[in-house]
Amino acid sequence: MLAVLAMIAQIRTGLWVRNGFVIRGQLLHYRDFMLRELCYDQDLFILQSAFVLLEDQDMAFMSIIDRFQLTDWFNGAVESAVYDNSHLYGMVEEILYIFITVLSENANATRMDLRVVVRRELIHVLAVGPAPYTELIKRVAERMVDDVCFDHVLREVATFRAPESTMDTGIYELKDECFDEVNPFFYHYTRNKREEVETALKARQKKKKKAEAIIIPKPMNITSGPYTVLTNAFTSPIFLRVVFFCIDNILTYTQMTEKSPPSSEAIIDQTLHLIMLGIVERGKDFADAVVSCKPLDQRGLIDVLCSLEHHPVHKGYKTRIECILGRFEEHIPTEIQERRKVFGKSGKVADPEEAKKKAAKARQAAIMKQMKAQQSSFAVNFEEDFKDEDEDKSMVDEDESVSYGTCIVCQEDLNSSKGFGALGLVQPSRLLRKHPDGQYHHVNEAIQAPTSMDRPAPPRLEPCFPPKDAESSDAQKRSASNFFDGFPTHYTKFGLVGSVCSHMMHLD
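Here goes a summary of the coordinates provided. Bear in mind that the values here come from a model prediction, so they are computed numbers and not experimental data. Positions within a chain are numbered from 1, following the residues in the order the chain's sequence is written. In keeping with the predicted nature of the model, local features appear solely for residues at pLDDT of at least 70, side-chain atom pairs appear and are counted solely at 80 or more, and the whole-chain, interface and lining totals rest on all residues. Side-chain measures were taken over the full set of non-hydrogen atoms in the model, leaving aside hydrogen atoms and water.

## Some points on the packing of aromatic side chains
Pairing of aromatic side chains requires ring centres within 6.5 Å, counting the rings of Phe and Tyr and the six-membered ring of Trp. Pairs whose planes differ by under 30 degrees are stacked, by over 60 edge-to-face, and all others tilted. The final tally for this structure, using the stated rule, is 17 aromatic pairs. Seen in terms of ring centroids, Phe61 and Phe99 are 5.3 Å apart; in terms of plane orientation they differ by 70°. Their pairing is edge-to-face. One end of the pair, Phe61, is in helix 4 (residues 57-67); the other, Phe99, is in helix 5 (residues 85-102), with 38 residues separating them in the sequence. Between Phe160 and Tyr172, the ring centres sit 5.0 Å apart and the planes meet at 55°, which makes this aromatic pair tilted. One end of the pair, Phe160, is in strand 1 (residues 158-161); the other, Tyr172, is in strand 2 (residues 171-174), with twelve residues separating them in the sequence. Owing to a relative accessible area of 44%, Phe160 belongs among the partly exposed residues under this scheme. Burial here depends on accessible area, computed with a 1.4 Å probe over protein chains only, as a share of the maximum for the residue type. Under 20% is buried, over 50% is exposed, and the range in between is partly exposed. We classify Tyr172 as buried; its relative accessible area is 15%. Whether a charge sits over a ring comes down to the Lys NZ or Arg CZ being within 6 Å of the ring centre and within 35 degrees of the ring normal. The aromatic ring of Tyr40 is capped on one face by Arg31, whose charged end is 4.3 Å from the ring centroid. Seen from the ring of Phe185, Arg194 lies directly overhead, with NZ or CZ sitting 4.6 Å from the centre. Every helix listed is a DSSP run of H or I at least four residues long, and every strand listed is a run of E at least two residues long, numbered separately from the N terminus.

What follows is the structure in structure tokens.
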């Protein structure tokens, strides 16, 4: 189960390109609305159950992190030996989505009634935008559509807008009061849909409050049963390390490169959502755990939040961080005020222009050091006696660097390092023909052929009476042979025909 979720994350990140479109099709079926209740949803519920069945919830967190091969990241390493930067931050984004779902999804944990499940699905489908009935039933599981409550619930949550013309179709629009039930991190949303819904919710809040909108997550409300212990995960030391290093690593990367890493906006957005979930679910307990946990150099989550609050590159999160620190201040006012004062005195980010100058000098020094090392290495390893060998090697390197396109299977460059060729199909055919000697009318037929060979067939006249003698029978045969006149069959021959599609691939 966990291996499947990790593989799905790797596919979405782009780590299985050699398997082509087949592996992408498996991913779509795994998360498609027709099968997700038996595949994706069940795997997430089993993973959620692990946090309940295991006495040590840190074990569940570590198992997930290890399977995703992100142990180094959550220990403070900005780069990974397993993934490159684009894939690394994509995998972090995927694992955070799983943590959000496990710590906020409550349908199976509360044994939610089918009518409530249908209402929730319809609300989240229509929150993306209005849809006709035929499109609506394609986005919801079949068992929900077949239930008798489906149409009743649809009338409760949506308003039907009749078609305005014969060419138009009627659509259902979500009622305004139902937008309060929308969760932008609903686990059936893709990233694009989540961003669309979040934008719509913030625009709706701005119209009402006339201020910058902040979406506060709702609690799971698990009041009975074994899953009541699920919220203990918010006070887990491993969980606190997860949210700490997600912010600290991005700040470190930004300081090193003077630009945001890939997927940084999504990762920060998910991390802040996890912190707000912890505040909503555990309140005082979560605040105390945050204060006591300081994973790096006596720096804790409050410190990195204060750094992010005034960071010049990540200004868009200032309002949300102020809201989070305000919620923390309700439980631990002394700690929050002290950390903000310390940050105000000595923790502010330095002047951007000065930081750029220092970074430029550091890069220049590193380049000069590298050049000196290369020069010394060149003097030691390459002597005059090896000039010819170096020239041959450079020619080989130039040949290998020439690319003739990409392989359609593995997506790697086609060069002289591996054998490759064009895809082709050779098959037998009897369409080959030899021109009859001394007959020119076939050449004229080909030259004078029209652009299109489609033409109505002449009506076939059937005789009213059978022929009375052999002469009439012979005349009828000659008429039929003239009607079906074509290229003589004895001039066609058996042969091979080859065709290509212009695609290239490696021989192996």
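## Quick notes on the pattern of salt bridges
The rule for a salt bridge is simple: a side-chain nitrogen of Lys or Arg has to be within 4 Å of a carboxyl oxygen of Asp or Glu. Overall, the coordinates contain 21 salt bridges when judged by the stated rule. Among the salt bridges present, the one from Glu121 reaches Arg36, with a minimum N-O distance of 3.5 Å. Of this pair, Glu121 sits in helix 6 (residues 114-128) while Arg36 sits in the loop between helix 2 (20-31) and helix 3 (40-53), placing them 85 residues apart in sequence. The partner of Arg204 in a salt bridge is Asp176, with the nearest N and O atoms 3.2 Å apart. Separated by 28 residues along the polypeptide, Arg204 in helix 10 (residues 191-209) and Asp176 in the loop between strand 2 and helix 10 bring together distant segments of the chain. According to the relative accessible area criterion, Arg204 is buried, its value standing at 13%.

## Here's the deal with the environment of Gly14
With respect to the secondary-structure elements, Gly14 resides in the loop between helix 1 (2-13) and helix 2. For Gly14, a relative accessible area of 26% gives the class partly exposed. Spatially, the C-alpha atoms of Gly14 and His87 are 7.3 Å apart, while their sequence positions differ by 73 residues.

## Side note on helix 15 (residues 318-331)
Count 3.6 residues to each turn of an α-helix, and residues three or four apart come out pointing the same way. Here helix 15 is 14 residues long and its end C-alpha atoms lie 21 Å apart, about the 20 Å a rise of 1.5 Å per residue gives. Buried within helix 15 we find Arg320, Ile321, Ile324, Leu325 and Phe328. Angular distribution of buried residues about the axis of helix 15 spans 130°; they occupy a single face of the element. Residue count minus one, scaled by 1.5 Å, sets the expected span of a helix. Throughout, the arc means the angular range of directions from the helix axis out to the C-beta atoms.

## Notes on the nonpolar core
Formed by 112 residues in total, the largest nonpolar core has its most connected members in Phe68, Leu70, Ile275, Leu305 and Phe328. Sort the elements by how many residues they give to this core and helix 11 (residues 237-257) lands first, with twelve residues. Excluding residues that lie within four positions of it along the chain, Phe328 makes contacts with Ile275, Ile279, Phe286, Ala287, Val290, Ile302, Leu305, Pro333 and Ile336. Residues enter a nonpolar core if they are buried and are Ala, Val, Leu, Ile, Met, Phe, Trp, Tyr or Cys, with the set joined through side-chain atoms within 4.5 Å. Residue contacts follow a heavy-atom distance rule, with two residues in contact if any of their heavy atoms lie within 4.5 Å.

## What about unusual backbone geometry?
Phi angles above zero are rare outside glycine, and Gln69 is one such case at about 60°. Relative to the helices and strands, Gln69 resides in the loop between helix 4 and helix 5. Overall, the relative accessible area of 39% leaves Gln69 in the partly exposed class. A positive phi angle, close to 60°, is found at Asn221, a residue other than glycine. On the secondary structure map, Asn221 appears in the loop between helix 10 and helix 11. Overall, the relative accessible area of 56% leaves Asn221 in the exposed class.

## Structural notes on the packing of helix 1 against helix 5
With their axes 9 Å apart at the nearest point, helix 1 and helix 5 run at an angle of 135° to one another. On the basis of the axis angle, helix 1 is oblique to helix 5. Handedness of the helix 1/helix 5 crossing: right-handed. Listed contacts from helix 5 to Leu5, Ala6, Ala9, Gln10, Arg12 and Thr13 of helix 1 are Ser86, His87, Gly90, Met91, Glu94 and Ile98. For the contact of helix 1 with helix 5, the class distribution of residues is five nonpolar, five polar and two charged. Between N-to-C directions, angles cover 0 to 180 degrees, with each direction set by a line fitted to C-alpha atoms, over the stretch in contact for helices. Reported orientations rely on four angle classes, namely roughly parallel under 35 degrees, roughly antiparallel over 145, roughly perpendicular from 65 to 115, and oblique for the rest. In this scheme the handedness of a crossing depends on how the near helix is turned from the far one: anticlockwise by less than a right angle means left-handed, clockwise means right-handed. Three categories are distinguished: nonpolar for Ala, Val, Leu, Ile, Met, Phe, Trp, Tyr, Cys and Pro, charged for Asp, Glu, Lys and Arg, and polar for the others, with Gly belonging to the last.

Honestly, it's all geometry; don't read function into it.
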